[in-house]
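As a plain string of letters, each chain reads:
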Amino acid sequence: MRDWRSFLMFSMFFVLFSSILTLKVFSQVVKTPFPVTSLSWNVNDDFFAFTEENTVFLRDCKTYSLSDTLPIKNIDRIMFSNEGKHQILLTITKEGFFSVYNLKETEGGLLRFDPEPYFTMDCTNENPVKCVTFGKNSDYAALALEDNSINMFFKLRFTKDAIFKKLEGHSEEIFSLNFSTNEKYLASTSVDNHAIIWSCNSQEKLLELTDIYTQSRIPVQFLSDSETIIAPENETTFCIYNIEGEKTISIDTLHKIKGIKPLNRQDTVAIVNENDEIELYDLSAKKWLGYIPSCDLSEMTDFEFNSDNTRILMGYESGSIFEFAVKDVLLSPGQKPPKKIMVSGRAYEEDGSGIGGGKSGGSRGWGITNGTFKTRDGNYAGATVKLRSAPAPYNLSTGLSFSFLNYDLLKPFYTGACATPYLGFPKENYPYKYTKNNRTLESPLLAGVELYAPFGIFIMPFVNYEIGISAELFAGTGLCFLWNRSFGAESASSKPFASFTAGTKVSAFWKYFTASLCAQWDSVQKIMISADLGVSVKLEWKKQSQKQPKKTAPKAEPKTAPEQPQKQPPKTLEQTPQEQKNGGEQ
């Protein structure tokens, strides 16, 4: 019984240890009981705020500890900004009540909200409000009303008052409003495929776009330069317009688009597809940068990049919030799924060599939840040198373990078979003497072999490196006997002993190399601890005669769309043959 209890204690320790190693990268930063509705970084990227229906929560990015809360009923959106030397938080409710709060830093380095806003703008209206927004510099707020009009409010800074102008031009319901970063323009999008660009200074219609795809209710927005407009063209395609209304770029993502968000860096755009994956596009370099997989089983409700686009917050319907360094979770073109990218109606294969030197053919990463991190695929063979403790009167044993593992059957879990022949070496003062045929034998070795089946999980938490971590449980059978160090009919000093064995193991992988730590219980040898070093290589089953010549992707027919008057043909993300060869490098 003591041996069983000891084994269980060791197993619990190793399972806990392996869980820390393998699941830490999946752990959510924050878990709330309510769906996350919006996210925002503060101006220094050292705090972030998130909202549920009636509360704003502020957390420290170092420890993720709660710094402050702010009760606001029916809150719609929030944003941090600067006003002079002060950090401020902009908030607006679904009814149109706009407020600006000061933030103060405490002696302990935490940020606190002033409990009362230093500026408020009551934009509420007797007509039902359809959508609301505000400008980044807190000068403007806008409401779309049920009568298809817009009330645009301008803040008078010195009197802390506001004036408003009624904007009319839509004939159907307005579902989205967005200001440009410099607050010079307002974009309004209605359900009848129309978008209007308004001048905030003159409150006049500057531009009307009449071929916007609005069935998915994705809004028309501005890139960070405030002069470039991004809009959905159909359920899988988005396009770029200049401020004169000329379409300059059209990109088919091959996935249904759920959301579009321009990043803080000019010409970089994030697209949320139907799988809640965030795809990144660099428009100026004409490259697809890769994608960030979803890391929760529930629906993504919001995401936000920090000021230099190096970190990302991701919020979900389940109340989970994740924070990552982008370089750790962005799967580059070298790790992209083997599919074509559609650009302006033309199909071509990206080889990814222009970004990070990756090669094509990588599969999408698998993870515990919904494709968060990469795992292995296929079959692997391994050989490992094992150094293990042995029961008294033996000091230790050493062996060579051979394994065959399959990673495709239950991704990201694996299973397989392992065989380990070993030898145990006795202490110098071996307490027993053996005689055979009236001849005294030297201290016999402990010889044996184990056969067992593992079941474990393998992940690669750092997608830009060839580092993997695994944790497994295994069970099997063994056979051992005392060996008198000679060969032939009388080589054994004892009868063979059959045993049952089980254990747990954690391993770290780098390229072809692996290192492991194992706790094991054997019905004959009892508790054993071992350390392993070895190699692991992928097995390729394809025969040379089965290889097929690579097929050239046929050109896809351009999708038809209503013609628009244009001064010049739009630029596209098409690549020349030389650019394709170089991976799109400029």
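Quick look at the structure, then. (Residues numbered from 1 in each chain as written. Predicted model: local features only at pLDDT ≥ 70, side-chain atom pairs only at ≥ 80, totals over all residues. Heavy atoms only, no water.)

### Here's the deal with the packing of aromatic side chains
Going by this rule: Between rings of Phe, Tyr and Trp, where Trp is taken as its six-membered ring, a pair exists when centres lie within 6.5 Å; planes separated by under 30 degrees are stacked, by over 60 edge-to-face, and by other angles tilted. Here a strand is any run of E in DSSP of at least two residues, a helix any run of H or I of at least four, and the numbering for each starts at the N terminus. Accessibility here uses a 1.4 Å probe with only protein chains present; expressed as a share of the type maximum, an area under 20% marks a residue as buried, one over 50% as exposed, and anything in between as partly exposed. Here, a charge over a ring is recorded when the distance from Lys NZ or Arg CZ to the ring centre is within 6 Å and its angle to the ring normal is within 35 degrees.
In the structure shown here, the tally under the stated rule is 22 aromatic pairs. Measuring from ring centre to ring centre gives 4.7 Å for tyrosine 452 and phenylalanine 474, while their planes differ by 40 degrees; the resulting arrangement is tilted. Pair noted here: tyrosine 452 is in strand 37 (residues 445-462) and phenylalanine 474 is in strand 38 (residues 467-483), with a separation of 22 residues, a long-range link. Taken individually, tyrosine 452 and phenylalanine 474 each receive the classification buried, so the pair is uniform in this respect. Geometrically, the ring pair formed by tryptophan 483 and phenylalanine 487 is edge-to-face, given 5.2 Å between the ring centres and 65 degrees between the ring planes. Taking the relative accessible area as the measure of exposure, phenylalanine 487 reaches 76% and is therefore exposed. Among the aromatic side chains, those forming a connected cluster through ring pairs are Tyr380, Tyr407, Tyr414, Phe458 and Phe509. In this arrangement the basic side chain of lysine 261 is found over the ring face of phenylalanine 303, its NZ or CZ atom lying 4.7 Å from the centre.

### Observations regarding the pairing of strand 20 (residues 228-232)
Test applied: A pair of strands counts as paired when DSSP detects no fewer than two bridges linking them.
Most of strand 20 sits out of view: five of its five residues are buried. Of the two faces of strand 20, the one lined by Thr228, Ile230 and Pro232 and the one lined by Ile229 and Ala231 are each fully buried. The sheet contact formed by strand 19 (residues 221-222) and strand 20 spans two bridges and is antiparallel. By the bridge assignment for strand 20, glutamine 221 is matched with isoleucine 230. Where strand 19 folds back onto strand 20 in an antiparallel hairpin, the turn is made up of five residues, including serine 226, whose phi is positive at roughly 65 degrees.

### Some details on the pattern of salt bridges
Worth spelling out the cut-off: Basic side-chain nitrogens of Lys or Arg form a salt bridge, by our definition, when they fall within 4 Å of a carboxyl oxygen of Asp or Glu.
Summed over all chains, the structure comprises 16 salt bridges. In this structure, lysine 247 engages glutamate 233 in a salt bridge whose closest nitrogen and oxygen atoms are separated by 2.4 Å. Note that lysine 247 is positioned in strand 22 (residues 247-252) and glutamate 233 in the loop between strand 20 and strand 21 (237-242), a separation of 14 residues in sequence. Summarising the burial analysis for this pair, lysine 247 and glutamate 233 share the class buried. Between glutamate 323 and arginine 311 there is a salt bridge, with the nearest N and O atoms lying 2.9 Å from each other.

### Remarks on unusual backbone geometry
With an omega of 10 degrees, the peptide bond running from alanine 392 to proline 393 counts as cis. Tracing the backbone through its elements, the reader meets proline 393 in the loop between strand 32 (379-389) and strand 33 (394-410). Look at serine 138: it is not a glycine, yet its phi comes out positive at around 65 degrees. Here serine 138 is to be found in the loop between strand 11 (129-134) and strand 12 (140-145). Of note in the backbone geometry, asparagine 193 takes a positive phi value of approximately 70 degrees without being a glycine. Mapped onto the elements of the fold, asparagine 193 is located in the loop between strand 16 (185-190) and strand 17 (195-199). Asparagine 193 gets classed as partly exposed once you look at its relative accessible area, which sits at 33%.

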